[in-house]
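Summary of the model geometry
Each chain is listed here by its residues.
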Amino acid sequence: MDRFLLLQIRNADDPMRDQEIGCFARALQCAPAQIAVHDLLAGPPTVAELDAVDVVLLGGSGDYSVAEGGEWLPPALAAMWELYELAKPTFASCWGFQAMAKALGGEVVTDAAHAELGSIEVRLTRAGREDPLFGPLGDHFLAPMGHQDCVVTLPPQAILLASSEKVQNQAFRVKDRPIYGTQFHPELDRTAFIQRIHAYPNYVKSITGDSLEVFEAKVRDTPATDQLLGRFMQLLRQA
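The text that follows walks through the structure, step by step, so that each part is easy to find. Small disclaimer: the values here were computed from a predicted structure and weren't measured.

1. Quick word on the layout of surface pockets
- What the largest pocket holds in volume is close to 540 Å³.
- Secondary structure elements with two or more residues in the lining of the largest pocket: helix H4 (95-103), strand E7 (140-147) and helix H6 (190-199).
- Looking at the lining of the largest pocket, the element that brings in the most residues is H6, giving 3 residues.
- Among the residues making up the lining of the largest pocket, the classes are represented as 9 nonpolar, 10 polar and 5 charged.
- Considering only enclosed or pocket space, the second largest pocket measures out at about 190 Å³ in volume.
- Around the second largest pocket, the lining residues are Pro132, Arg173, Val174, Asp176, Arg177, Pro178, Tyr180, Phe232, Leu235, Leu236 and Ala239.
- Secondary-structure elements contributing two or more residues to the lining of the second largest pocket are strand E10 (171-174) and helix H9 (228-238).

Structure (structure tokens):
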């Protein structure tokens, strides 16, 4: 039975703390009980915690920004670097994607002009089309997206796999490591994405200008990205 560790960076009253566990469990086709949780606001996980699991997961952040930082950020980035040093199988989405990029030497900024929210078209790079995880998605696909921070410079260890119209760095894999990151949320299906935006309704208005009802009607299914986490696990088992 696979064992997972979800590194969260969410406040105790964030309604998405538990929802995020359920989303990863659905996408990984595992029981929620297989996913242990570590709160990065309390500090980085120990090596023993990392050794006890097969895969590390990182997702969204609620109220926390890699670009804005804070006292919590250096220990969190140290955890990302530890994952790299240990070559720990890791899948990082959204905030986790940004944190991993920053920890390895990339640059993250807050940029409202390049914020994305909704079902956004993403296109694979040549490396993405040749990648065993991303290649089966096809040249372009829709992805559930919600962010104002952007990775503007990838770290030297990263290979760019996908871009969108607004944001060049949408996905990467780390060279010679079983580590992938996506700006989008492959753990979310349409239902979970709508639950997420209902938890942060002001986010919808500030990025899209739509009311919650109008925006919700525009959200589409994202069957391509729904395959990613399951295929990630298949590739790890084959390796």
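From this point, the discussion proceeds with the structure in view.
2. Digging into the side chain of Thr90
- Turning to its location among the elements, Thr90 is positioned in strand E4 (residues 90-93).
- Judged by relative accessible area, Thr90 falls into the buried class, the value being 0%.
- Each residue touching Thr90, except ones within four places of it in the same chain, is listed here: Val56, Leu58, Leu83, Met100, Pro178, Ile179, Tyr180 and Phe232.

3. Considering the environment of Leu212
- Of note, Leu212 is situated in helix H8 (residues 212-218).
- Residue classification places Leu212 among the buried residues on the basis of a relative accessible area of 17%.
- Placed 20 residues apart in sequence, Leu212 and Phe232 show a C-alpha to C-alpha distance of 33 Å.
- Those residues within four positions of Leu212 in sequence are excluded, and the remaining contacts are Ile197, His198, Pro201 and Val204.

4. Side note on the sheet that holds strand E11 (residues 179-182)
- Spatially, the 9 strands line up as an open sheet ordered E2-E1-E3-E4-E11-E10-E9-E6-E7, and their pairing is mixed. Strands with a single pairing partner mark the edges of an open sheet, and in this sheet they are strand E2 (35-39) and E7. Taken over all neighbouring pairs, the strand axes of this sheet differ in orientation by 25° on average, direction set aside.
- The pairing of strand E6 (residues 116-124) with strand E9 (residues 158-164) spans 3 bridges and is classified as antiparallel. Counted as the bridge partner of Arg123 is Ser163 from E9.
- This element, helix H3 (residues 73-86), spans strand E1 (4-8), strand E3 (55-58), E4, E10 and E11 of the sheet and lies at about 150° to E3.

5. Side note on the environment of Thr191
- As for its placement among the helices and strands, Thr191 is situated in helix H6.
- You can call Thr191 exposed: its relative accessible area is 53%.
- With 169 residues separating them in the primary sequence, Thr191 and Gly22 have C-alpha atoms 12 Å apart.

6. Here's the deal with the packing of H3 against H4
- Their axes nearest at 8 Å, the elements H3 and H4 cross at an angle of 80°. The orientation of H3 with respect to H4, classified from their angle, is roughly perpendicular. Contact residues: Ala76, Leu77, Met80, Trp81 and Leu83 in H3; Trp95, Ala99, Met100, Lys102 and Ala103 in H4.
- Residue composition of the contact of H3 with H4, grouped by class: 9 nonpolar, no polar and 1 charged.

Criteria and cut-off values
- Counting from 1, residues in each chain are numbered in the order their sequence is written.
- Predicted model: local features are reported for residues with pLDDT of at least 70 only, side-chain atom pairs are reported and counted for 80 or more only, and whole-chain, interface and lining totals are derived from all residues.
- Side-chain numbers here rest on the full set of heavy atoms in the structure, without hydrogens or water.
- For each structure, a 1 Å grid was placed over the protein atoms alone; sets of points admitting a 1.4 Å probe that cannot get out are labelled cavities, open sets with protein on both sides within 12 Å along at least five of seven lines are labelled pockets, and lining residues have an atom within 4 Å of a point.
- Grid points are joined across faces, edges and corners, and a volume is the space filled by probe spheres set on the points.
- Numbering of helices and strands starts at the N terminus; helices are DSSP runs of H or I of at least 4 residues and strands are runs of E of at least 2.
- As a working rule, the residues Ala, Val, Leu, Ile, Met, Phe, Trp, Tyr, Cys and Pro are called nonpolar, Asp, Glu, Lys and Arg charged, and the rest polar, with Gly in that last group.
- Burial classification: accessible surface area is computed with a 1.4 Å probe over protein chains only, and a residue below 20% of its type maximum counts as buried, one above 50% as exposed, and the rest as partly exposed.
- In what follows, residue pairs with any heavy atoms lying within 4.5 Å of each other are defined as contacts.
- Strands were regarded as paired on the criterion that DSSP finds at least two bridges between them.
- Interaxial angles span 0 to 180 degrees and are taken between N-to-C directions of axes, which are lines fitted to C-alpha atoms, for helices over the stretch in contact.
- Angle categories are assigned with fixed cut-offs, so that under 35 degrees is roughly parallel, over 145 is roughly antiparallel, 65 to 115 is roughly perpendicular, and the rest are oblique.

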